[in-house]
Amino acid sequence: MKRYDCVIWDFNGTILDDVAIGIESINALLKRRGMKKISSVEEYRESFGFPIIKWYKDLGFDFEVEDYDAVANEWMSEYLSREKNAPLCRGALELMEHFYNKGVCQVIISAAEINMLKRQVEALKIDKYFNEIVGKSDIYASGKSEIAQKWRARNPGDMLFIGDTDHDLETAKAIEADCVLVACGHQSYERLTALARDEKIRIPVVKHMGDILSL
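Residues numbered from 1 in each chain as written. Predicted model: local features only at pLDDT ≥ 70, side-chain atom pairs only at ≥ 80, totals over all residues. Heavy atoms only, no water.

What follows is about the pairing of strand β3 (residues 132-136). Across the five residues of β3, four count as buried, placing the element largely inside the fold. As judged from the four bridges shared by strand β2 (residues 105-113) and β3, these two strands associate in the parallel manner. What sits directly across from I108, in β3, is I133. Taking the sense of rotation as the criterion, the β-α-β connection linking β2, helix α6 (residues 114-123) and β3 turns out right-handed. (Buried < 20%, exposed > 50% of the residue type's maximum accessible area, 1.4 Å probe, protein only. Helix = DSSP H or I, 4+ residues; strand = E, 2+ residues; numbered from the N terminus. Pairing = 2+ DSSP bridges. Right-handed = clockwise from strand over helix to strand, strands pointing away.)

Have a look at this one:
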């Protein structure tokens, strides 16, 4: 593997395996509104994307009828009631430990709200692995490219970005980092490999976190 100055991690779906509780949370909102629920992990991974407001609209939410802020807070309440049930993604701890033992800088850059993000990292007992944790000031998960670019402006060097969605690739490109996509989170292997093909550059897509070291 190439020697990197820093490894940047996405959090949700890459470090934290919160796909199941994410589905449960959005289904609770859909059920209250008499809307069609997401029936499987496969269906969820084929639909999920950023910005989150667009995904909500694709699911059928009408923000001319109800307030997006209220919906976002409703989802967050459902999510927080379930977060203790979300484990680390399989293989993530071993990979963090590998980079940590090699003395490689590790950073989390996430679209999640920063205080919640730091609390979750501490609860998982993985805070020692990270030199910095970068998140948003709100709960709307509108994206992270902007905060990533601000972080990158003061951090030169060769970077590797590890993520699980098309937005992670967009963010990696925005900060001129190499990217590996892991298909065990919020988007499917098929979506990610199609995305990599469309980019016409080498973007490894792996099914398991442990595969990253064998690239």
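Now that the structure has been shown, the text picks up again.
The subject of this paragraph is the nonpolar core. Formed by 53 residues in total, the largest nonpolar core has its most connected members in W9, Y56, I108, F130, I162 and M209. Once residues within four sequence positions are removed from consideration, F130 is found in contact with W9, I15, M96, Q106, V107 and I108. W151, A177, C179 and L181 belong to the second-largest nonpolar core, a separate cluster that totals 21 residues. (Core = buried A, V, L, I, M, F, W, Y, C linked by side-chain atoms within 4.5 Å. Contact = heavy atoms within 4.5 Å.)

Turning to empty space enclosed by the protein, a few remarks are in order. In the structure shown here, the tally under the stated rule is one cavity of 30 Å³ or more. As a volume, the largest cavity reaches approximately 450 Å³. Lining the largest cavity are 29 residues, with N12, F48, I52, W75 and A141 sitting closest to its centre. Among the elements of the structure, α3 (52-59), α4 (68-82), β2 and α8 (166-174) are those that each provide at least two residues to the lining of the largest cavity. The biggest single contributor to the lining of the largest cavity is α4, with five residues. (1 Å grid on protein atoms, 1.4 Å probe; cavity = no way out; pocket = protein on both sides within 12 Å on 5 of 7 lines; lining within 4 Å. Points joined across faces, edges and corners; volume = space filled by probe spheres on them.)

Right, let's get into the pattern of salt bridges. All chains considered together, the criterion is met by 13 salt bridges. For R33, the salt bridge is made with E66, and the minimal N-O distance between the two is 2.9 Å. Of this pair, R33 sits in the loop between α1 (19-32) and α2 (41-47) while E66 sits in the loop between α3 and α4, and the two are 33 residues apart along the sequence. For E66, a relative accessible area of 26% corresponds to the partly exposed category. For E83, the salt bridge goes to R119, with nearest N and O atoms at 2.6 Å. Residue E83 is found in the loop between α4 and α5 (92-101), and its partner R119 is found in helix α6; the two are separated by 36 residues along the sequence. One connected set of salt bridges, linked through shared partners, spans E24, R32, R33, E66, E74, E78 and R82. (Salt bridge = Lys/Arg side-chain N within 4 Å of Asp/Glu carboxyl O.)

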